[in-house]
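# Examination of the molecular architecture
Residue-level listing of the chains:
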Amino acid sequence: MKKLINSPETVVTQALAGVAAAHPSLTVDIENKVITRAAGPRNGKVGLVSGGGSGHEPLHGGFVGYGMLDAACPGEVFTSPVPDQMLIATKAVDGGAGVLHVVKNYTGDVLNFQMAAELAGDEGIEVVPVVINDDVAVEDSLYTAGRRGTGATVFVEKIAGALAEEGADLAAVAAVAREVNDRSRSFGVALSSCVVPAAGKPTFELGDSEIELGIGIHGEPGRTRAPLTPAAELAAVALDAINADLAVNGDLLVMVNGMGGTPLIELYLMFNEVRQYLEARGGRVARNLVGNYITSLEMQGFSVTVCQLTDTLTRLWDAPVDTPALRWGR
């Protein structure tokens, strides 16, 4: 295992110290593993909290800031954060208007966020959870009951965060979060495994010419193993699966996401294949992201997320955002 670390046991806390040093706009509670906006909560604004295992950077800590999240809870690598973390984060962002929990559909995340919400309710904070389950690849994976939560998490955090920034109430912010989730689908492909520091070896084995279709962000198995094929065919496999579940016509928000070890030249090439596929079926890529937004350590591969836009969702996507990983309009 070759990694830029001091020890597997200190990876997360020492990375959080680096986040604190690099981003003065954030406050990082290293002991409790909670990242918040340095300015603190704004009275009357709905707070947004998300979290999950580390190793998916910039998700979630890189999306804390104006127009997106108010707090993020990083767990250990590929391990759900604990309820105490989530409660600390929820209390830290409460401005009196309630708190939205954005929860990826993994069993540990769902249960721990639910417990934190109940504890926050006992302290008089209204919490509404929205569970993200956009991955069309498989049902009931190793970590989930139902579909996994993947790339749509970024869309939900951005769009719901923009509405919260405008002063909408908790019910409205939760409703737009659910709408984005309902209108989004994702599919991922792995060309290689990744190595969790504590394990010290690849999560799974792939032959030199093998790929995994429908991979999860923790290295969970996908739909099938297959031989490596040209990018155009891989784009078609991913988008055929998405299109079978959600029509890919009209104005679309599209993310071609790297899994951590894929060079940008390949991601841009893949984005062009995705664009051509969608346009051939009546879709228009009205907005896009290309790059690393929800990763799997150093895994090679990509995921595609497609969201059917409305005028309102487009406006909220375009609204100003200022976070370490996403920034425009300010």
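Residues numbered from 1 in each chain as written. Predicted model: local features only at pLDDT ≥ 70, side-chain atom pairs only at ≥ 80, totals over all residues. Heavy atoms only, no water.

## Considering the layout of surface pockets
Formally: Grid points spaced at 1 Å and placed over the protein atoms alone form the basis of the search, with a cavity being a set where a 1.4 Å probe fits but cannot get out and a pocket an open set showing protein on both sides within 12 Å along at least five of seven lines. Lining residues have an atom within 4 Å of a point. Grid points are joined across faces, edges and corners, and a volume is the space filled by probe spheres set on the points. Helix and strand assignments follow DSSP, with helices taken as H or I runs no shorter than four residues and strands as E runs no shorter than two, numbered in order from the N terminus. Amino acids are sorted into nonpolar (Ala, Val, Leu, Ile, Met, Phe, Trp, Tyr, Cys and Pro), charged (Asp, Glu, Lys and Arg) and polar (every other residue, Gly among them).
One number sums up the size of the largest pocket: a volume of about 550 Å³. What lines the largest pocket is a set of 31 residues, and nearest its centre among them are Val11, Ala15, Ser54, Gly55 and Glu57. Secondary structure elements with two or more residues in the lining of the largest pocket: helix H1 (11-22), strand S3 (47-54) and strand S4 (71-77). Counting residues per element, the lining of the largest pocket draws most heavily on H1, which supplies 5 residues. Residues of the lining of the largest pocket, tallied by class, amount to 18 nonpolar, 10 polar and 3 charged.

## A few points about the pairing of strand S11 (residues 283-291)
Applicable threshold: At least two bridges found by DSSP between two strands are what make those strands a pair. Whether a crossover is right-handed depends on one test, that the path from the first strand over the helix to the second runs clockwise when the strands point away from the viewer.
Relative to S11, strand S10 (residues 250-258) runs parallel, the two being bridged by 8 bridges. Its bridge partner lying in S11, Leu253 is registered against Arg287. A crossover links S10 with its parallel partner S11, the connecting element being helix H7 (residues 264-280), and its sense is right-handed.

## Observations concerning unusual backbone geometry
This is how the line gets drawn: The buried label goes to any residue with under 20% of its type's maximum accessible area, the exposed label to any with over 50%, and the partly exposed label to all in between, with areas taken from a 1.4 Å probe on protein chains only.
Cis peptide bonds are those with omega within 30 degrees of zero, and the linkage from Glu57 to Pro58 qualifies with 10 degrees. By secondary structure assignment, the location of Pro58 is in the loop between S3 and S4. For the bond running from Leu59 to His60, omega is -5 degrees, close enough to zero to count as cis. Its location among the elements puts His60 in the loop between S3 and S4. The backbone phi angle of Phe78 is positive, close to 60 degrees, even though this residue is not glycine. Tracing the chain through its elements places Phe78 in the loop between S4 and helix H2 (83-93). We classify Phe78 as buried; its relative accessible area is 10%. Here the phi dihedral of Leu297 falls at roughly 55 degrees; this positive angle occurs in a residue that is not glycine. For Leu297, the position within the fold is in the loop between S11 and strand S12 (301-308).

## A closer look at empty space enclosed by the protein
Note the following rule: As used throughout, domain bounds are those supplied by an automatic or database domain assignment.
Taken as a whole and assessed by the stated rule, the structure comprises 1 cavity of 30 Å³ or more. Of the volumes computed, that of the largest cavity is approximately 80 Å³. Along the walls of the largest cavity sit Asp135, Thr150, Gly151, Ser186, Phe187, Gly188, Ile215, Ile217, Met259, Ile294, Ser303 and Thr305, which together make up its complete lining. Looking at the lining of the largest cavity, the elements with two or more residues in it are strand S7 (184-190) and S12. Counting residues per element, the lining of the largest cavity draws most heavily on S7, at 3 residues. Residues that form the lining of the largest cavity fall into these classes: 5 nonpolar, 6 polar and 1 charged. Taken together, domain 1 (11-182) and domain 2 (184-317) each give at least three residues to the lining of the largest cavity, which thus spans both.

Don't take any of this as a statement about function, it's just geometry.
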